[in-house]
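Spelled out from the first residue to the last, the chains are:
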Amino acid sequence: MLSSDQPIAAAPPPGAAADWTIAQAWEHYSDAEHATWDRLFARQSALLADRAAPEFLEGIELAGLWRPGIPDFEELSERLDRATGWQVLAVPGLVPDAMFFDHLAHRRFVAGSFIRTPEQLDYLQEPDVFHDVFGHVPLLAHPAFADYMQAYGEGGLRALEHGAIERLARLYWHTVEFGLVRSGGGLKLFGAGIVSSYGESIFALDDPSPHRIRFDLRRVMRTRYRIDDYQRNYFVIDSFDDLLRQTTETDFAPLYAEIDRQPDYEPGAIAEGDVVLTRGTQAHAGEPKAC
Ligand code: PHE
Ligand code: FE
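Residues numbered from 1 in each chain as written. Chains lettered and ligands numbered in written order. Predicted model: local features only at pLDDT ≥ 70, side-chain atom pairs only at ≥ 80, totals over all residues. Heavy atoms only, no water.

Draft legend 1. Main features of the packing of aromatic side chains. Going through the model one piece at a time under the given rule, you end up with 17 aromatic pairs. The interplanar angle of 65° and the centroid separation of 6.0 Å between the aromatic rings of Phe-100 and Phe-101 together place this pair among those described as edge-to-face. For Phe-101, a relative accessible area of 1% translates into the label buried. With centroids separated by 6.4 Å and ring planes inclined at 75°, the aromatic side chains of Phe-145 and Phe-190 adopt a geometry described as edge-to-face. Of this pair, Phe-145 sits in helix 6 (residues 143-162) while Phe-190 sits in the loop between strand 4 (186-189) and helix 8 (192-195), placing them 45 residues apart in sequence. Each member of the pair, Phe-145 together with Phe-190, is buried. (Phe/Tyr/Trp six-rings, centres within 6.5 Å; stacked < 30°, edge-to-face > 60°. Buried < 20%, exposed > 50% of the residue type's maximum accessible area, 1.4 Å probe, protein only. Helix = DSSP H or I, 4+ residues; strand = E, 2+ residues; numbered from the N terminus.)

What follows is the structure, given as structure tokens:
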């Protein structure tokens, strides 16, 4: 989980290691907590069977997420390590940016270990283990996406030096969290914020409101986003290989300087040069409250 609006915390919270990780304490989950995972898992996997990118669905298999109960991060890490060399580690909450990037750069995905309550099945503010593991882990088993996330971490450490975290956070938001991908002649979901949400898994693909626009690196880094509602725009990548290629073959430093001289795009705006795949009605748009 990435948070760019928090002050740099000097020390990890009590009980956490110097790298902010904690023990998952898997044996402490209650039956009710495991049952919440199972409910969410059953609902999302049924919904996503023909909506999520095939790479995401394969990742569910590879990571062994189909087994009942909240995954044990140690077992999960063994499976992921075999696939792509990634690990999953527990953290108590949001981690400072530099720490988050450093973990990614070392192929360590940090995940919340708590699970939402049954009253929060459809919406919660802070990422829990269902968002972090069900949403993010499957694609970490895919080689190109696994490389993208590591490169993103390395790029994050560089962005900190350029004061460009906000730009880079937008790239994360519009791909890792809310990205769509062209697949088999149609569009499929892959962003973790979408696939871990029942409502947005339907909205992002089927609703006439949002624009669906072809991914463009500069455009995305200039685009503000909403954190309190479904997205106004979804950006569509051609493939994970293409995303990896475009981002790793571009030196972002001159891009940050270039973008600094240009205005931002609002959520829901269409920009000059956009390849609009579906033009939305924006009927869902309410009060603009952008980040
Ligand atoms: N190429 C980027 C840079 O020069 C780093 C990066 C790679 C960022 C992949 C995001 C994803 O900083
Ligand atoms: Fe997330």
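Picking up where we left off.
Draft legend 2. Quick look at the pattern of salt bridges. Applying the stated criterion across every chain, the model contains 18 salt bridges. We note a salt bridge from Arg-170 to Asp-264, for which the minimum N-O separation is 3.0 Å. One end of the pair, Arg-170, is in helix 7 (residues 165-177); the other, Asp-264, is in the loop between helix 12 (252-260) and strand 7 (276-278), and 94 residues separate them in sequence. (Salt bridge = Lys/Arg side-chain N within 4 Å of Asp/Glu carboxyl O.)

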